[in-house]
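Notes for the structure review
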Amino acid sequence: MSPVKVVICGAAGGIGQPLSLLLKQSDLIAHLALLGVVTASGIAADLSHINTKCKVTGHGKDQIDEALQGAHTVVIPAGVPRKPGMTRDDLFKLNAGIVRDLAEGIAKNCPKAFVLVISNPVNSTVPIVCQVLKSHGVFNPSKVFGISTLDVVRASSFVSEVNPAIDPSTRVTVVGGHSGVTIVPLLSQLPNNFVDSLSRDQLDALTHRIQYGGDEVVKAKKGAGSATLSMAYAGARFTLGLLQATVAGKTGVVESAYVHLDADKENTAAFKAKTGLDYFALDVEFGREGVSRILKLPKVSRYEQALLDAAIPELKTNIAKGAAFITDSVAHWPEARL
Ligand SMILES: NC(=O)c1ccc[n+]([C@@H]2O[C@H](COP(=O)([O-])OP(=O)(O)OC[C@H]3O[C@@H](n4cnc5c(N)ncnc54)[C@H](O)[C@@H]3O)[C@@H](O)[C@H]2O)c1
Ligand SMILES: O=C(O)C[C@H](O)C(=O)O
């Protein structure tokens, strides 16, 4: 097992800094390259004093090539966060171009890297990354992930608050996408008939809290951004889980991820045919090459089917918007960029 290079794009930001701190502690990472807009050299100097083996370097946007070259994994929390009253889709105008340009850099400098997207709106930014990589002929659906782990982390916390007998480490299955109605918690999967212990009002309230947990933080931060620390925790959990499988060869690591369903055609063909969706968040088992298996959608309750029915059209719109942005960008790119 040789430790690898991991790049954080947007490392000076609210998520980027604590995420870098958490990753600096991993033996699986030899080199943490921190990419900022002007530079991330201050953050890199600070982190480099921590006495773990991992080397840390800082880079500005004009050094994107050197930052990305040789990357095994690229994590993208670059972009603008929400303010109260905004939806994640309101961020599209600003963040779509940022993510597109980073994906271009990845296609050029580290086309085989695993790409982990945090920047919102995730439902659209993941299709943006995939389309850019496709336009360069380097797309591998098993290597691009939208990190939806925060929805699972929140669901576990909120379930445990409702019933303190349930340990907060208990995994809750959350599928769909990463915004409002597209976040679909499958509470019927919890053991001991947890869901039957809830009144309809309690079930509605818990479901709504999981779907709109991000808004809770945006409101509490009063204009100073969205979730950063809980996202850094979720992002580190996802990244380290993936590294354990891809670098250390650990089997059985499962996390929820928003992925292109072609990453496991066998397990998703029926779902894709039924819904017409190309992207969806499901539990994913990691292997050496990224996605080793996408776990099938479990049998859902009637209540959960109604949530899925509401999520699917919204997801289709979000996915089409991301894909169209790249079709349009490519049409306007000068010959030299293709
Ligand atoms: N997936 C999730 O569950 C989840 C959770 C929380 C936040 N987010 C999203 O993550 C993003 C970042 O949130 P934040 O709170 O860290 O924001 P932030 O503004 O604190 O940090 C973003 C950083 O990205 C940098 N940046 C912008 N363009 C860049 C580029 N081209 N290259 C390198 N760096 C660049 C900015 O300078 C800034 O330092 C937002 O879009 C937010 O909505 C997603
Ligand atoms: O809510 C946001 O805008 C940030 C993030 O997607 C979250 O779920 O906390």
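The paragraphs below set out a description of the structure included in this document. On a predicted model such as this, the values are computed, not experimentally measured, just so you know.

Definitions and limits used
Residues numbered from 1 in each chain as written. Chains lettered and ligands numbered in written order. Predicted model: local features only at pLDDT ≥ 70, side-chain atom pairs only at ≥ 80, totals over all residues. Heavy atoms only, no water. 1 Å grid on protein atoms, 1.4 Å probe; cavity = no way out; pocket = protein on both sides within 12 Å on 5 of 7 lines; lining within 4 Å. Points joined across faces, edges and corners; volume = space filled by probe spheres on them. Helix = DSSP H or I, 4+ residues; strand = E, 2+ residues; numbered from the N terminus. Buried < 20%, exposed > 50% of the residue type's maximum accessible area, 1.4 Å probe, protein only. Polar contact = N/O pair within 3.5 Å; in protein donor to acceptor, adjacent residues only side chain to side chain. Contact = heavy atoms within 4.5 Å. Near = heavy atom within 4 Å. Areas by Shrake-Rupley, 256 points an atom, 1.4 Å probe, with all protein chains shown as cover. Sits in = over half its atoms within 2 Å of the grid points. Nonpolar A, V, L, I, M, F, W, Y, C, P; charged D, E, K, R; others polar. Pairing = 2+ DSSP bridges. Salt bridge = Lys/Arg side-chain N within 4 Å of Asp/Glu carboxyl O. Axes fitted to C-alpha atoms, helices over the stretch in contact; angles between N-to-C directions. Parallel < 35°, antiparallel > 145°, perpendicular 65-115°, else oblique. Left-handed = near helix turned anticlockwise from the far one by under 90°.

Re empty space enclosed by the protein
Throughout the structure, instances matching the rule amount to one cavity of 30 Å³ or more. One number sums up the size of the largest cavity: a volume of about 40 Å³. In terms of lining residues, the largest cavity is bounded by Pro111, Ala113, Val115, Leu133, Val138, Phe139, Asn140, Lys143 and Val144.

Some remarks on the side chain of threonine 239
Tracing the chain through its elements places threonine 239 in helix α9 (residues 229-246). With relative accessibility at 0%, the residue threonine 239 sits in the buried group. Of the polar contacts made by the side chain of threonine 239, one reaches the backbone oxygen of glycine 235; its length is 2.6 Å. Filtering out sequence-adjacent residues up to four positions away, threonine 239 remains in contact with Leu23, Thr73, Val75 and Leu116.

Regarding the site of ligand 2
In the vicinity of ligand 2, the contacting residues are Arg82, Arg88, Asn120, Leu150, Arg154, His178, Gly214, Ser226 and Ala227. One of the side-chain nitrogen or oxygen atoms of arginine 88 is found 2.8 Å away from an oxygen atom of ligand 2. The contact in question runs from an oxygen atom of ligand 2 to an N or O atom on the side chain of histidine 178, over 2.6 Å. Here ligand 2 loses 95% of its free accessible area of 260 Å² to cover by the protein chains. Of the pockets mapped on this structure, ligand 2 occupies the largest pocket. Of the residues contributing to the shell around ligand 2, the split by class is two nonpolar, four polar and three charged.

Remarks on the pairing of strand β9 (residues 254-260)
Most of β9 is tucked away: six of the seven residues are buried. Pairing geometry for β9 and strand β10 (residues 279-287), over seven bridges, is antiparallel. Paired with histidine 260 across the strands is tyrosine 279, a residue of β10.

A closer look at the pattern of salt bridges
Within this structure, the stated rule accounts for twelve salt bridges. For the salt bridge of aspartate 101 with arginine 100, the shortest nitrogen-to-oxygen distance reads 3.0 Å. What makes aspartate 101 partly exposed here is its relative accessible area of 37%. Salt bridges here are not isolated pairs; linked through shared partners, they connect Glu161, Arg209 and Glu216.

Topic: the packing of helix α1 (residues 16-23) against α9
Think of two packed helices as two axes; the pair is described by the angle between the axes and how far apart they sit. Orientation of α1 relative to α9, taken along the N-to-C sense of each, is 40°, at an axis distance of 8 Å. Looking at the two axes, α1 sits oblique to α9. Remark: the crossing between α1 and α9 carries right-handed chirality. Where α1 approaches α9, its residues Pro18, Leu19, Leu22 and Leu23 are matched on the opposing element by Leu229, Ala232, Tyr233, Gly235, Ala236, Thr239 and Leu240. Of the residues belonging to the contact of α1 with α9, the class tally is nine nonpolar, two polar and no charged.

Notes on the environment of isoleucine 210
Of note, isoleucine 210 is situated in helix α7 (residues 200-211). Between the C-alpha atom of isoleucine 210 and that of alanine 155, which follows or precedes it by 55 residues, the distance is 5.6 Å. When near neighbours in sequence (up to four residues on either side) are disregarded, isoleucine 210 contacts Asp151, Ala155, Phe158, Ile183, Pro185 and Leu187.

No statement about biological role is implied by the geometric values presented.
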